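Descriptive analysis of the structure
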There are 2 protein chains.
Amino acid sequence: MIGPATVATHTFEDAPTFDVIIVPGGGGLDTFDRENNTQIEDFLVSRYESTPYILSVCNGAVTLAKSGLLSGKRATTSKAAYKWVTDPKHGDDIQWMPSARWVNDGKIWTSSGVSAGMDMMYAFLKHIYGDEEWVDFVMNLIEYVPHTDPHWDPFSVVWKVSLFFTLTKVLLVGILTRNTTPPHDYLFRHEC
Amino acid sequence: MIGPATVATHTFEDAPTFDVIIVPGGGGLDTFDRENNTQIEDFLVSRYESTPYILSVCNGAVTLAKSGLLSGKRATTSKAAYKWVTDPKHGDDIQWMPSARWVNDGKIWTSSGVSAGMDMMYAFLKHIYGDEEWVDFVMNLIEYVPHTDPHWDPFSVVWKVSLFFTLTKVLLVGILTRNTTPPHDYLFRHEC
């Protein structure tokens, strides 16, 4: 293993109740997927009712999808990993949003790739704490100017998953052989 | 301790040589300061010659200042912690830049608070790797639009440490009693 180890304080078995569960992304999710390891999904299902808020960042949305918790809901995910995460095999009645920095539907919040999690978290804090001064105080402390428009998503264009590209692809299919797969697709599925 | 433990792979004694050393910020630096704990400073001094690049984020610049490695150099730091870090007791011949997202001087790079470290790191990668495509590829992967102007620093205004405020303070001193200390100054010194 490269880098310092991070040691969990609890196991899935002895974890306390939570106000918020944040489901991270990462390369490991692809490994879990291939190995049919559903430990995180099982834990999320067992905690869904008792947890007021469940958030995911990047391709962590695939875990929510596979757990069934996104069933009938709107959600988004990493645009680099979009094709992999939104594969119907991970859940077929999810309303995936191709152009969104983050999406909130009920108790579930999902964000786009990596740094989009910071903007979702700002929106989430504003949702919970309203205009309490300390939320913006913290932004000034960490010197971060959050994107506050959930529709701001230049990366949906970069990764060609926006509605425009989806429609264009549908129109052109059968007419042109058009490769909309971004370069290095393999990497995107594995890193978040 | 709240949250998972992070376990270092090496001690100061058995650490290998490094291409890059990144000096983090954080509340602990204030504790080290009060306890005259100079372990990090001593390590940095011992590695300065053999390390091609040394970077600091946020109030981590106080560690570089106290180690003497910023002597005669330009540098910046967290704007919330600016007054504390730049106190001459931490080093009196440092050219602190009050309005800078990051500063590069020789082998040393210093950034402003927390998220400014991301922009410094992008600039650092461009410095090392030039226009190699993968640097921007990674930005697209993590869905981050970096600030590429080192002079972009709205937080120097928020925290009233910019040249404008410094000059205004100098002009008004003795005429008005003017409190330029931001609210909650105590907290800013302790959290990064």
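Here, the structure is the one placed above.
Residues numbered from 1 in each chain as written. Chains lettered and ligands numbered in written order. Predicted model: local features only at pLDDT ≥ 70, side-chain atom pairs only at ≥ 80, totals over all residues.

Observations regarding the sheet that holds strand E2 (residues 20–23) of chain B
All names here are of chain B. Spelled out, the test is: Any two strands between which DSSP finds at least two bridges are classified as paired. Numbering of helices and strands starts at the N terminus; helices are DSSP runs of H or I of at least 4 residues and strands are runs of E of at least 2. Under this scheme, a helix contributes an axis fitted over its contacting stretch, all axes are lines through C-alpha atoms, and angles between N-to-C directions fall in the 0 to 180 degree range.
Spatially, 4 strands are ordered E2-E3-E7-E6 in an open sheet, and the strand pairing comes out mixed. The strands lining the two open edges of the sheet, one partner per strand, are E2 and strand E6 (102–105). The mean angle between the axes of side-by-side strands here comes to 15°, regardless of whether they run parallel or antiparallel. Where strand E3 (residues 53–56) lies against strand E7 (residues 108–111), 3 bridges are found, and the strand directions are parallel.

Structural notes on the relation of the copies chain B and chain A
Put simply, the rule is: For the least-squares superposition of copies, only C-alpha atoms count, and only for residues with pLDDT at least 70 in both.
Each copy of the sequence occupies a distinct position, and chain B is placed on chain A by a rotation of 180° and an axial shift of 0.0 Å, giving an RMSD of 0.0 Å. When the rotation and shift are considered jointly, the pair of chain copies conforms to a two-fold rotation axis. Among all C-alpha atoms of chain B, that of Thr6(B) lies closest to the rotation axis, at 2.3 Å.

A word on the environment of Val7(B)
Test applied: Contacts are defined on C-beta atoms placed from the backbone: any two residues whose C-beta positions lie within 7 Å are in contact.
Inspection of the secondary structure puts Val7(B) in strand E1 (residues 5–7). The contact partners of Val7(B), leaving out residues within four places of it in the chain, are Pro4(A), Ala5(A) and Val7(A).

Some remarks on helix H5 (residues 116–129) of chain B
All names here are of chain B. Heads up, the condition is: A helix is expected to span 1.5 Å multiplied by its residue count minus one. Partly exposed residues are those whose C-beta has more than 12 but fewer than 20 other C-beta atoms within 10 Å; with 20 or more the residue is buried, with 12 or fewer it is exposed, and the C-beta atoms are placed from the backbone.
Its 14 residues give H5 an end-to-end C-alpha distance of 20 Å, which sits within 8% of 20 Å, the value for a rise of 1.5 Å per residue. Those residues of H5 lying buried are Ala116, Gly117, Met118, Asp119, Met120, Tyr122, Ala123 and Phe124. Where H5 is buried, its residues meet E3, E6, E7 and helix H6 (133–141). Glycine 130 sits one or two positions beyond H5 and adopts a positive phi of about 60°.

Considerations on the interface of chain B and chain A
Note the following rule: Gly is placed with the polar residues, together with every amino acid not listed as nonpolar (Ala, Val, Leu, Ile, Met, Phe, Trp, Tyr, Cys and Pro) or charged (Asp, Glu, Lys and Arg).
Every contact between the two is made by 22 residues of chain B and, on the other side, 22 residues of chain A. Those elements that place two or more of their residues in the side of chain B that touches chain A are E1, H6 and helix H7 (154–158) of chain B. In terms of residue count, the dominant contributor to the side of chain B that touches chain A is E1(B) (3 residues). Its residues assigned to classes, the side of chain B that touches chain A comprises 13 nonpolar, 6 polar and 3 charged. Here strand E1 (residues 5–7) of chain A runs beside E1(B); their pairing, made up of 3 bridges, is antiparallel. What sits directly across from Thr6(A), in E1(B), is Thr6(B).

Distances and angles like these do not, on their own, reveal function.
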